[in-house]
There are 2 protein chains.
Amino acid sequence: MWLPALALSAFGAAPALMPLPVKMDAGAGALAIDAHFTAAATGAADPRLAAAVDRLVALVSRETGIAFAGKPAAAAEATLKVECAARAPLYPKLGEDESYQLDVTAEGAHLKAATVDGALRGLATFAQLPAPGPHGFEIPAVHIEDSPRFQWRGLMLDVSRHWMPVEVVLRNLDAMAAVKLNVFHWHRSDDQGVRVESRLYPRLQGKGSDGHFYTQAEIRRVVAFARDRGIRVIPEFDMPGHSTSWFAGYPALASAPGPYHAGSDFGVFDATMDPTREQTYAFLDAFIGEMALLFPDPFFHIGGDEVNGRQWKESAHVQAFARAHKLTQTHELQLYFNRRLQRILARHGRTMVGWDEILEPDLAKGTVIQSWRGQASLAESATKGYRGVLSWGYYLDHLSPAKFHYGVDPLAGAAAELAPEVAGRILGGEACMWTELADSETVDSRIWPRTAAIAERFWSPQAATDAASMYQRMEVVSRLIAWTGVEHRAVYGSMLGRLTGGHPAPPLRVLAEASEALGLGKRSARGIETGTPLNRFVDAIPAESETVRALELAAGRVASGSGASQTDLDLLRGAFELWMSNDAQFEALVDDNALLGELQPLSQHLAALGRAGLEALEDLAHDHKAAPDWLAARNAEIADFLKPTADVTLAAARPVKLLLDAPALAPK
Amino acid sequence: MWLPALALSAFGAAPALMPLPVKMDAGAGALAIDAHFTAAATGAADPRLAAAVDRLVALVSRETGIAFAGKPAAAAEATLKVECAARAPLYPKLGEDESYQLDVTAEGAHLKAATVDGALRGLATFAQLPAPGPHGFEIPAVHIEDSPRFQWRGLMLDVSRHWMPVEVVLRNLDAMAAVKLNVFHWHRSDDQGVRVESRLYPRLQGKGSDGHFYTQAEIRRVVAFARDRGIRVIPEFDMPGHSTSWFAGYPALASAPGPYHAGSDFGVFDATMDPTREQTYAFLDAFIGEMALLFPDPFFHIGGDEVNGRQWKESAHVQAFARAHKLTQTHELQLYFNRRLQRILARHGRTMVGWDEILEPDLAKGTVIQSWRGQASLAESATKGYRGVLSWGYYLDHLSPAKFHYGVDPLAGAAAELAPEVAGRILGGEACMWTELADSETVDSRIWPRTAAIAERFWSPQAATDAASMYQRMEVVSRLIAWTGVEHRAVYGSMLGRLTGGHPAPPLRVLAEASEALGLGKRSARGIETGTPLNRFVDAIPAESETVRALELAAGRVASGSGASQTDLDLLRGAFELWMSNDAQFEALVDDNALLGELQPLSQHLAALGRAGLEALEDLAHDHKAAPDWLAARNAEIADFLKPTADVTLAAARPVKLLLDAPALAPK
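Residues numbered from 1 in each chain as written. Chains lettered and ligands numbered in written order. Predicted model: local features only at pLDDT ≥ 70, side-chain atom pairs only at ≥ 80, totals over all residues. Heavy atoms only, no water.

## Section: the overall build of chain A
Part 1: Secondary structure assignment for chain A yields 25 helices and 18 strands.
Part 2: For 668 residues, the compact-globule estimate of 2.2 N^0.38 gives 26 Å, and the C-alpha radius of gyration of chain A, at 27 Å, lies within 12% of that figure.
Part 3: Referenced to the eigenvectors of the C-alpha coordinate spread, the extents of chain A come out at roughly 80 × 65 × 50 Å.
Part 4: Split into buried and exposed, the 668 residues of chain A put 60% on the buried side.
Part 5: Taking the contacts inside chain A whose residues are at least 6 apart along the sequence as the reference set, 76% of them involve residues at least 24 apart. (Helix = DSSP H or I, 4+ residues; strand = E, 2+ residues; numbered from the N terminus. Rg over C-alpha atoms; globule rule 2.2 N^0.38 Å. Buried < 20%, exposed > 50% of the residue type's maximum accessible area, 1.4 Å probe, protein only. Contact = heavy atoms within 4.5 Å.)

## Looking at the pattern of salt bridges
Part 1: This model, assessed by the stated rule, comprises 78 salt bridges over all chains.
Part 2: The partner of arginine 523 of chain A in a salt bridge is aspartate 539 of chain A, and the shortest N-O contact between them spans 3.1 Å. With arginine 523 of chain A in the loop between strand S17 (516-517) and helix H19 (537-540) and aspartate 539 of chain A in helix H19, the pair connects residues that are 16 residues apart, well separated along the chain. For the pair formed by arginine 523 of chain A and aspartate 539 of chain A, the shared burial category is buried.
Part 3: Between glutamate 598 of chain B and arginine 536 of chain B there is a salt bridge, with its nearest N and O atoms 2.8 Å apart. (Salt bridge = Lys/Arg side-chain N within 4 Å of Asp/Glu carboxyl O.)

## Details of the nonpolar core
It is characteristic of soluble globular proteins that their nonpolar side chains tend to be buried jointly.
Part 1: Among the nonpolar cores identified, the biggest contains 104 residues, and Leu173, Trp186, Trp246, Leu284 and Phe287 of chain B are the most heavily contacted of them.
Part 2: Ranked by residue count, the leading element in this core is helix H3 (residues 166-178) of chain B, at nine residues.
Part 3: When neighbours within four sequence positions are excluded, leucine 284 of chain B is seen to be in contact with Met239, Trp246, Met273, Phe337, Leu341 and Ile344 of chain B.
Part 4: In terms of nonpolar packing, the next biggest core, distinct from the first, is built from 102 residues, Val196, Met239, Leu327 and Ala379 of chain A among them. (Core = buried A, V, L, I, M, F, W, Y, C linked by side-chain atoms within 4.5 Å.)

## Observations concerning the interface of chain B and chain A
Interface size, as often reported, equals the accessible area lost upon joining of the parts.
Part 1: Residue-level contacts link 42 residues of chain B with 42 residues of chain A.
Part 2: Here chain B and chain A share an interface that buries about 3,700 Å² over both sides, 64% of which is from carbon and sulfur atoms.
Part 3: Applying the counting criterion to the chain B and chain A interface returns zero salt bridges.
Part 4: Put simply, chain B and chain A have eight residue pairs in polar contact (both at pLDDT 80 or more) between them. (Buried area = accessible area lost by both parts, 1.4 Å probe. Polar contact = N/O pair within 3.5 Å; in protein donor to acceptor, adjacent residues only side chain to side chain.)

## Side note on the relation of the copies chain B and chain A
Part 1: With an axial shift of 0.0 Å and an RMSD of 0.0 Å, the rotation relating chain B to chain A amounts to 180°. On this basis, the relationship between the two copies can be described by a two-fold rotation axis. Within chain B, the C-alpha atom positioned nearest to the axis of rotation is that of alanine 490 of chain B, 3.0 Å from it.
Part 2: Of all interface residues in chain B, 100% are interface residues in chain A too; the two copies therefore contact each other through one and the same surface. (Least-squares fit on C-alpha atoms with pLDDT ≥ 70 in both.)

Right, dumping it as structure tokens:
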């Protein structure tokens, strides 16, 4: 097996595939991708596959900047022949064979799959292969055999806390397809809004949203768009908690009298559906029946998380009901609710999915538990016979580094101990994008590129754990998936420009590339509501800095005393000098600008880091030990600089810290 | 009058307006733009104005990153009140009153205009006003009175040589509105393609294009979209030359037997309509009648340029006709054709517009001459009684600097000598975007931001000629108009990323910011055809480098020996050191990459410039004169470096040249 990421320098010849295929062997020669490139499906005529082939051609055209001349005279004459015997089912389904085989030679490319879903995955691989070569774009000859490790590879998007227009959903589906994700989990209702048009209960969206919701036509469009990309759509309607917005229009559903309105702040709300009244279940029966017509997937997510029980405890009639039914605990009441819900779902041909909290002994065995608690919770539910998907460790809104997510395996920890037939109940995982701190402008940059690392965890062999290789490929794939339309890269420059009122400001960019945004839990969310502008520096910059990563690699080589090149030293010195001189120039921008003012300490810290880095380089160059006092002072400074400032962390401290920790500097 | 651009440092308080208003006085205080911002039209109810107000709110929301809470309870309570007594005519018309008055105080903003077009222009001004202030976004109090200098302020877009999908047209209309342009001249047919759906003559688009053309529904959509923004749409169908593509489907229209096909290369073609046959005029009569239903503007552009006459000279029947009618010269035959055409246009209620070549004594007096030859030609036609618009000096595809275009005045040169009533026939001008070397991906970056400078020439008082002020404001407006949707800034990063196959490559960006793309006439167009990929370095980078401009300003101050700051010296030194060290890092990228390989000399030249710049700074710092040999050698190098390499010019040579020319360096 040939790991392309190991070819660090001559990247022209090394396609950066993500997720890594199971098996990949380099061949001789290369296939030119020029104006004559064509692609066609052979085998069974299938309109979904034909459309996917057309999309592939358009995508490769954007990636390469080449307008291809047209269609092949005959399918057999196409540069890329896609051979698929089967036709696609009406909708993609869990457990579909997604394997494919792809051969590229100097003469052409040949993709073979048993199913349309497999062909779609192979096309996603093909789209990552073209790279500039000695004569223009080309694909180095390669033989790939590939299939997924997990069958449930999802992305959850919360469209309730911040509204996400349908275009945002569509472009993210395109990017999901590019990294072979196959489940779109659409978190459509929460305390802050019901984002669906119900014709039976129009006050759901009418009073339970700010006017932003998806019409039924838009939902059908999204489901069809996802289907065409081999992506299942699973709706989540969170209940009985996280449902305040339902009660704005239908207060009788709640366990306490209203009035209610959709929330504008965040957290765990008290409002909870009334599990004691038959009207609640009649409402849900009709509503789920209406939704089942829109969402063809057999799985239906009912949320079920974070019921704090306060309304139930404070309600006389709920407590009376609980005593009568011997349901003395909140979770027992919720279990009662869930059992009723499960019968309703079954009547509509739907299998229940819910968060950890729904796990109780009497659930139907088909139920899928989505775990935000971790592999132990997942192992427990698998042992009890339930299927599960892992989301703990994949919370994108925490803005953790990609390598953290990459290191979380659904079958690690307690799940690693399971017998194979039990472990088989762990179907995969889902990255989760909660949107307290992301709106339609910033959400792409919170999902991508880190979700590509998670997608690799779900698809590629368990042994693919080299974070350095992952990062190197992720940086490329980040740029590649931008051609699908996601705007995670595009917003960076425009949002930085906004902070200066449009004035060019290179010093701000220097600061931005030295910093990393902090996510929920690390960033102060005090006072943030749905209407709070997400237009600050922290919102503009990504969770991880490519620049800092490059500096860390160089600093690591320099600090270890082996493998460092002159280029490494130049890179570090150049960055440190830039940071030192940047502060004065940044200071000139700040005048009377509230959006930049909060960054002044950050800029001063960066200058200090530059100075410390230069001094460390100087000592290392002259084989000097560091003065103990100086070292202690610098280390104390760095600990200070790494604390949140303006809700960002000064990532630039990391490469400097590596130098300070160099054994060659350590005082005797 | 307060020229905002003069406030060079504290840009937070200085809105960068473009075009500059006629009169602008700063007031006291500032209007906060926060979540409570609202806008509403008062006065006559007009759906076009109401929609424009909604668009303004959405645009300001994007500019500031603030989601505004909603509509005002009553129009009178809106933050921005737009008062307009009149309702809009069905379509915008030449000579409409576009004046407006705008007052902003700490309490609110008040826009007054006599017409909806005037209100639209005032809204465009308002959109440029919000800037970050000490408490967030705000608008410093201001009183503005404004009206245009010229009534015809256009942008011509060639959609024949490279196809421009309707989205490209729409987003450019939005950007045009942002800088108060009011004529969209749609160059819809040329040798390379007829880009319109004709139902009478379907082979026009069927055989005369590569399948890319606008349907009639799309044309209606564009015309309505432009109308809503106060922009007239003038179609151009170039004839009798530049019409090869027509003959692919209708060879009998040509002066020589076919077969013909739409051109894939560029230049002046021989194929010309047959002016001798009645069928030609019957065809054009029916076709223009069909087009007149789509394009409501009373002006209709018939091209008329670059008829080389070869087909006419070589055709026995055309020559016989010419002799019979005493039309011995090509231009006499063309005049005959034009007169016939003019009668057809008149029958359909249309006034003829054409390029210089159509100017002949017998034209109807209402005719408008569009001059690509210059003000002398325009003055001549005005003297003869014809109206005119200037396009010479505004050819965007030449990629000239903005200051060149900015310096071209429709009423300069021979036109400056005209009596007022004659000069009044010069209606304005049009920026021209020919697309031999631009496709739908790159065209925005060839139009913007330089067209903003041209728009200012057409709108603002003649006395506004300070190029430094223009550049400073254009850099801001370039970022502002990106919020309308044009992608001139967004494509830069993605196209550079493509050159490396998606690998992050800061050294390529350093080279890009030191270089400027060369346009038609300066760039080698040899071998370029419609299908040639426009995916090279030259296509990715803009016509002007902001970085180099900043360096030129600093170098100018240093070289003159007055006004230079330590920041200037730091900026120059930092850039020169970066250029020197960049080449080794760039070299590491180039391996086996054809798209980067052509840039190697450029990168080497840049390193040499860095070295020369550092040496010059060193001499200046020590009050040394330059050694004559050294100076001669450096000047010779720079002359060499300024020659085109890989179709770009190394703009970085300019600031270095400024230092070399410093009087303090000159040998005795």
